[in-house]
Amino acid sequence: MANHYHNSGKTDRLRSETSELALYGGKPVRERLLPYGRHSVTPEDIQAVVDVLQGDWLTTGPRIAEFEETVAECVGARYAVAFSSGTAALHAAVFAADLGPGDEAITSPLTFAATANCVLYQGATLVFADIEGDTLTLDPDQVNACLTQKTRAILPVDYAGHPAELDALLELAERHGLIVIEDACHALGAIYKGRRVGSISHMTAYSFHPVKHITTGEGGMITTNNAHLAERLRRFRTHGIDYTPSERANSPWYYQMIDLGFNYRITDIGCALGTSQLQRLSTNLACRREIVRRYNDAFTNLDAVIAPTERADVESAWHIYPIQVDAYYLTTDRAEIFRALRAENIGVNVHYIPVHLHPYYQKRFGYRGGEYPVAEKIYEQLITLPIFSGMSEQDVEDVIKAVNKVMGYYAY
Ligand SMILES: *Cc1c(COP(=O)(O)O)cnc(C)c1O
């Protein structure tokens, strides 16, 4: 066991201020559970949805193009194609990139399963590369080491809202003729070296699930500057069907199924909500930034808490605030800290169990753990604290109080 010499003494003070943990029957910091993320819906949002319900188009109507144009403008991309989910959007991107059996695509193990699954949907081969220890995004050197003659795509993940190292990845892509599909489901509104995420990679994927920055209920989007990719994405969204206007002038029933697509359409109901929500993106981002500032300030005193990084040349969109728990300064492990925070009614979470460690991936590909040491070690330490634009001052204080209480209790 470690000695006490590394204890700075700050934690002794905290321990004496600590009341009994809710985990052991004490009074929780909050009466009700604070979720880690939550949507916000205003009267204007509700009116926008009601207007659609009273109109002619519940789906495949004008609100879809409107939402696509609003998002494209917001992220500085030429084209945007909306889908029924972020997962559908990622699947479409892998299709549009023309990946299939025999092709390899590289992604991060520290992501939601959908980033990896979408490669398998198209029968392509998935390769993981380890992450960088500070941003927890794909390490370009590791990607470089994974390249083969068959590599066709890289799928970086803007983990927590922090853009991946896009310049280095795009340079690799350029040199080897690869497509970069950026999973920016955490990163709507993020900035990378002065450029807007969504306009940088060949294709960029977003999700509008209610825990994300803005919501359409379920929904997703691909942004791209490439007209050919946009056309393939659009066709894939609706069964691979092409409605050529010239043909239909004479034969209005006429259409052609060109590709094997899906029904991945989003509704006008969802898009009206999304367009309305997008008006508040900058205030949403500013709220998150303020919460991050307060968390960072509060946790500098805690040896056992490693706050998430934001590099100087980016602006994270702060979808989540993942701390790392440094067990060296604690008498317990991450699992107990997690349980103790939940008992205080702080809705902590863990993002993510590395994808290759899921039973499906272990069974199908033979992963056993140990393949991606950086991602695996950091995963063991991760706890996501609540952050969302509707959090009150009191909510933020409760989180800080609970973290102090729990870390104080378990301090070495
Ligand atoms: C949310 C999310 C997805 C999937 O989005 P859905 O809209 O839930 O399908 C994919 N990747 C990441 C990193 C996500 O956070």
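Figured I'd write up the structure that's included with this text. Residue numbering note: each chain is counted from 1, following its sequence as written. Reporting in this predicted model follows two pLDDT cut-offs: at least 70 for local features of residues, and 80 or more for side-chain atom pairs to be given and counted; totals over whole chains, interfaces and linings ignore these cut-offs and use all residues. As a rule here, side-chain values come from all non-hydrogen atoms in the structure, and water together with hydrogens is ignored.

**Re the sheet that holds strand β12 (residues 305-306)**
Pairs of strands are assigned from DSSP output, requiring at least two bridges between the strands. Put simply, DSSP H or I for four residues or longer makes a helix, DSSP E for two residues or longer makes a strand, and each gets a number counted from the N terminus. Ordered in space as β12-β14-β15, the three strands form an open sheet in which the pairing is antiparallel. With partners counted over all chains shown, the strands left at the sheet margins are β12 and β15 (382-385), one partner each. One ladder, built from four bridges, connects strand β14 (residues 321-325) with β15; its direction is antiparallel. Of the residues in β15, the one forming a bridge with I323 is I383.

**Quick look at the packing of helix α2 (residues 43-53) against helix α10 (residues 268-278)**
Fitted lines through C-alpha atoms serve as axes, helices being fitted only where they are in contact, and the angles separating the N-to-C directions of these axes extend from 0 to 180 degrees. It is at 8 Å that the axes of α2 and α10 come closest, and there the two elements cross at 150 degrees. Between α2 and α10, the crossing angle belongs to the class labelled roughly antiparallel. Crossing angle aside, the handedness with which α2 passes α10 is right-handed. Seen from α2, the contacting residues are E44, D45, A48, V49, V52 and L53; seen from α10, they are D268, I269, A272, L273, S276 and Q277. The nonpolar class holds Ala, Val, Leu, Ile, Met, Phe, Trp, Tyr, Cys and Pro. Asp, Glu, Lys and Arg form the charged class, and all remaining residues, Gly among them, are polar. Of the residues assigned to the contact of α2 with α10, the class counts are seven nonpolar, two polar and three charged. Roughly parallel refers to an angle under 35 degrees, roughly antiparallel to one over 145, roughly perpendicular to one between 65 and 115, and oblique to any angle outside these ranges. Crossings are sorted by hand: turned counterclockwise from the far helix by less than a right angle, the near helix makes the crossing left-handed, and turned clockwise it makes it right-handed. Any two residues having at least one pair of non-hydrogen atoms within 4.5 Å are treated as being in contact.

**As for the sheet that holds strand β9 (residues 220-224)**
Across the sheet, seven strands lie side by side as β1-β9-β8-β5-β4-β2-β3; this open sheet has mixed pairing. On the outer flanks of this sheet lie β1 (79-83) and β3 (125-128), each paired with one strand and no other. Strand-to-strand twist in this sheet, taken as the mean axis angle between neighbours without regard to direction, amounts to 20 degrees. Bridging between β1 and β9 involves five bridges; their strand directions are antiparallel. Considered in β9, the bridge of A82 is made with M221. Across the sheet, helix α8 (residues 227-237) lies against β1, β8 (203-207) and β9, angled at about 15 degrees from β1, the strand it touches most.

**Here's the deal with the pairing of strand β2 (residues 104-107)**
Only protein chains enter the accessibility calculation, which uses a 1.4 Å probe; a residue whose area is less than 20% of its type maximum is buried, one above 50% is exposed, and one in between is partly exposed. With burial as the criterion, each face of β2 is covered, one bearing E104 and I106 and the other bearing A105 and T107. Bridge analysis of β2 against β3 gives four bridges, and the strand direction is parallel. By the bridge assignment, I106 is partnered in β3 with V127. Handedness of a crossover is defined as follows: orient the strands so they point away from the viewer, and if the path from the first strand over the helix to the second runs clockwise, the crossover is right-handed. A crossover connection joins β2 to the parallel β3 through helix α5 (residues 113-121); in handedness this β-α-β unit is right-handed. Note: β2 against strand β4 (residues 151-155), four bridges, orientation parallel. Residue pairing across strands places T107 opposite L155, the latter belonging to β4.

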